[in-house]
Amino acid sequence: MDQIRISGGRPLKGKIPVSGAKNAALTLLPAALLTDEPLTLRNLPRLADVDTFGHLLNVLGASTQTQGSRPEDFGRVMTISASRMTSTTAPYDIVRKMRASILVLGPLLAREGVATVSQPGGCAIGNRPIDLHLKGLEALGAEIELTSGYVRAKAPKGGLTGGHIIFPVVSVGATENVLMAAVLAKGQTVMENAAREPEIVDLANCLVAMGARISGIGTERLVIDGVDRLHGATYAVMPDRIEAGSYACAAAITGGEVVLLGADRALLGSTLPVLEAAGVSFEDVKGGLKVSRANGLHGVTATTAPWPGLATDMQAQLMALVTVADGASVLTETIFENRYMHVPELARMGADITVTGRSAVVRGVPKLHGAPVMATDLRASMSLVIAGLAAEGETIVRRVYHLDRGYERLEEKLQAVGADIERVDGD
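The structure presented is a predicted model; accordingly, all values stated were derived computationally and were not measured.

Asks: What's the story with the overall build of the chain in this structure? I'm lost.
Replies: Scanning the chain from terminus to terminus reveals 14 helices and 24 strands. Taking 2.2 N^0.38 as the reference for a compact globule, 427 residues should give roughly 22 Å; the C-alpha atoms of the chain span a radius of gyration of 21 Å, in line with that estimate. Seen through its C-alpha atoms, the chain measures out along the principal axes to roughly 65 × 45 × 45 Å. Relative to its 427 residues, the chain shows a buried fraction of 56%. When contacts within the chain are restricted to residue pairs at least 6 apart in sequence, long-range pairs at least 24 apart make up 74% of them. Surface accessibility of the chain: about 15900 Å² in total, with carbon and sulfur atoms responsible for 48%. Counting 41 positive and 45 negative side-chain charges, the chain places the centres of these two groups 2 Å from one another.

Asks: Sorry, what's going on with the pairing of strand S5 (residues 76-81) here?
Replies: Within a regular strand, the side chains alternate between the two sheet faces. Counting buried residues in S5 gives 6 out of 6 residues, a clear majority hidden from the surface. Across the two faces of S5 the burial is the same, with Arg76, Met78 and Ile80 and Val77, Thr79 and Ser81 all buried. With 4 bridges joining them, strand S3 (residues 39-44) and S5 adopt antiparallel strand pairing. Its bridge partner lying in S5, threonine 40 is registered against threonine 79.

Asks: Looking at this model, I keep getting lost on the nonpolar core. Mind explaining?
Replies: Nonpolar side chains tend to gather and get buried jointly when the protein is soluble and globular. If you look at the biggest cluster of nonpolar residues, it comprises 77 residues, and the most contacted ones within it are Leu29 and Leu207. In contact with leucine 207, not counting residues within four places along its chain, are Ala31, Leu34, Leu179, Met180, Val183, Ala212, Ile214 and Leu230. Among the nonpolar cores identified, the runner-up in size contains 70 residues, and Leu12, Ile242, Cys249 and Leu321 belong to it.

Asks: Where do I start with the sheet that holds strand S15 (residues 257-261) in this structure?
Replies: Backbone-to-backbone hydrogen bonds pair the strands of a sheet. The strands run either parallel or antiparallel. Spatially, 4 strands are ordered S2-S15-S17-S16 in an open sheet, and the strand pairing comes out mixed. Strands at the two margins of the open sheet, each flanked by one partner only, are strand S2 (13-17) and strand S16 (280-285). Each strand axis lies, on average, 25 degrees off the axis of its neighbour in the sheet, ignoring direction. When S2 meets S15, the two strands line up parallel, connected through 5 bridges. Considered in S15, the bridge of isoleucine 16 is made with leucine 260. Helix H8 (residues 241-253) rests against S2, S15, S16 and strand S17 (288-293) of the sheet, and its axis sits at about 35 degrees to S17.

Asks: When you look at the pairing of strand S20 (residues 352-356) in this model, what are you seeing that I'm missing?
Replies: Two strands pair when backbone bridges link them, and S20 and strand S21 (residues 359-363) are joined in this way by 5 bridges, in the antiparallel orientation. Residue valine 355 lies in a different strand from S21, and its bridge partner there is alanine 360. Two successive antiparallel strands, S20 and S21, enclose a turn made up of 2 residues, where glycine 357 displays a positive phi of approximately 60 degrees.

Asks: Any chance you could explain the packing of helix H4 (residues 105-112) against helix H6 (residues 172-182) here in plain terms?
Replies: Two quantities define a packed helix pair, namely the angle between the helix axes and the distance between the axes. In contact at an axis separation of 7 Å, H4 and H6 are set at 15 degrees when each is read in the N-to-C sense. It follows from the interaxial angle that H4 and H6 lie roughly parallel. Taken as a pair, H4 and H6 cross one another with a handedness that is right-handed. Of H6, the residues touching H4 (which contributes Leu105, Gly106, Pro107 and Ala110) are Asn177, Met180 and Ala181. Taken together, the residues of the contact of H4 with H6 break down into 5 nonpolar, 2 polar and no charged.

Asks: For this particular structure, what's the right way to read the sheet that holds strand S7 (residues 114-118)?
Replies: Read from one edge to the other, the open sheet built from 4 strands follows the order S6-S7-S9-S8, with strand pairing classed as mixed. Unpaired on one side and paired on the other, strand S6 (89-90) and strand S8 (143-147) mark the two borders of the sheet. Where S6 lies against S7, 2 bridges are found, and the strand directions are parallel. Within S7, the residue paired with threonine 89 across the bridge is threonine 116.

Asks: Explanation requested: the environment of glutamate 422 in the structure shown.
Replies: Position of glutamate 422 relative to the elements: it lies in strand S24 (residues 420-425). Sequence separation between glutamate 422 and isoleucine 6 is 416 residues; the distance between their C-alpha atoms is 6.7 Å.

Criteria and thresholds
- Residues numbered from 1 in each chain as written.
- Predicted model: local features only at pLDDT ≥ 70, side-chain atom pairs only at ≥ 80, totals over all residues.
- Heavy atoms only, no water.
- Helix = DSSP H or I, 4+ residues; strand = E, 2+ residues; numbered from the N terminus.
- Rg over C-alpha atoms; globule rule 2.2 N^0.38 Å.
- Buried < 20%, exposed > 50% of the residue type's maximum accessible area, 1.4 Å probe, protein only.
- Contact = heavy atoms within 4.5 Å.
- Areas by Shrake-Rupley, 256 points an atom, 1.4 Å probe, with all protein chains shown as cover.
- Lys, Arg positive; Asp, Glu negative; His and termini not counted.
- Charge placed at Lys NZ, Arg CZ, Asp CG, Glu CD.
- Pairing = 2+ DSSP bridges.
- Core = buried A, V, L, I, M, F, W, Y, C linked by side-chain atoms within 4.5 Å.
- Axes fitted to C-alpha atoms, helices over the stretch in contact; angles between N-to-C directions.
- Parallel < 35°, antiparallel > 145°, perpendicular 65-115°, else oblique.
- Left-handed = near helix turned anticlockwise from the far one by under 90°.
- Nonpolar A, V, L, I, M, F, W, Y, C, P; charged D, E, K, R; others polar.

Here it is, written out as C-alpha cells:
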C-alpha cells in the first residue's frame, strides 16, 4: 500500500493550481441522469471518488467519455450521456465506497419513477443519516421503503409532484438530492432552510443551464418550478475551496509564499477570516490568491458551521496549522461528532491537544517532529501532510488512499513549490 514520505522544514514558494471542487463534481455528475442528452463537465478533478462515481453511472447505463486533456494534465473534461437507462439500482459494492453515491436517488426517481440505492458509506467521521433526503422526497410524493440495506423509492403514477419542504436542520446532501428530483416534478416545489454552500449554487446553476427553473439560488429558500424535460449542457466545475484552504495552511505553516491559481476568496466564506486571524495573509493577484504568513501564527477560537461559517472540511487542516501557533486555540466541531481522529496522530508528532466533547484545545508548541502516522479520513490525511511539511525530520503518512479521494496529484503540486515529498511503496 502506498505511503507518502515528507522531509519537513522547507518553505513553499511558487504557484499551485487549484483543481475543480471534489464536492461540486460529485453533485454535478448525477445531474447527468436527469436528461437523455449529453452533459459535458469541464475542470473535473482527477480523483478516485470521481472515477468511482463514473463507474456507478456506467452501471446505471450512462456512457462516460473523457476528452480534451492529457493524462499528465490537471483536470479533465468528461461527457456523460444517459440517453437510455439500463438499471435503476445503485449496488452496495460501489455505494459503500463513497457517500455521495446517494445523490443518484433523486435523479433516478425523477426520471425513471423508481430507484433502488444502497445506503451509503464513506469516511468514518460520524453519523450522517439520510432521513432528511427521504423525507424531502416523500414530500414530492415518493413512497420509500428501507429493506436489506437498500433504499427503495417509487414515484406516484404520473410522476413526482411539487411540495413544500422545511428542513429541520441544514443538510447539504438532502438539499442536493431533493433539488435534483424537484426540477422534473410537476408543479412548484419550495425548499425552506436549504443549504447554501457554493457547491449547491454550482449545482443549481448547472441545472439552470440544462433548462431547470430555479429561483432563490444562494439563499435558504429555493423555489423550483418543474419542467417536463432537461437538455444537455456544457458546464465548468467550480474551483475547490477546501483544496485552496488546505494549501493556504501548508504555505503559512512553512513560512512560504504561494499563489493559488484559480482560487476565489468569495468561495472561502468565513473560513478566510478564521485563517487570517491565525496569521495567514491573503492577497488578490492576477489569476488567483497569494498566500503567505503575515507575522507569525496565532491561536484562534473557531467553531465549524454550515455555509458561510467555518467549513467542517477545514477543521483538521486548521488544527494542524495552530499546533505551532503562539498561544492556545479552541476549535469546536458542530457538524460531525467523530471528526477528531487526527488528534492522536498529530500528538505523535509532538502536538499538544486536549479533546473534551466536541471541543479541542490546541496549545502551540515550538516545533513538530516527524513520525510515522496513519490517515483516518480524507481531511485528516491532509492535516498530517500539513504538519509533516513543517515538522523537523521525516514523516511517513500511511493509508494515503484517503488523500487520493479528494486531492488531485497532491505530491506533484507540493513538489512544484519546493516540498520534499514523495509517494513510496509501503509495507
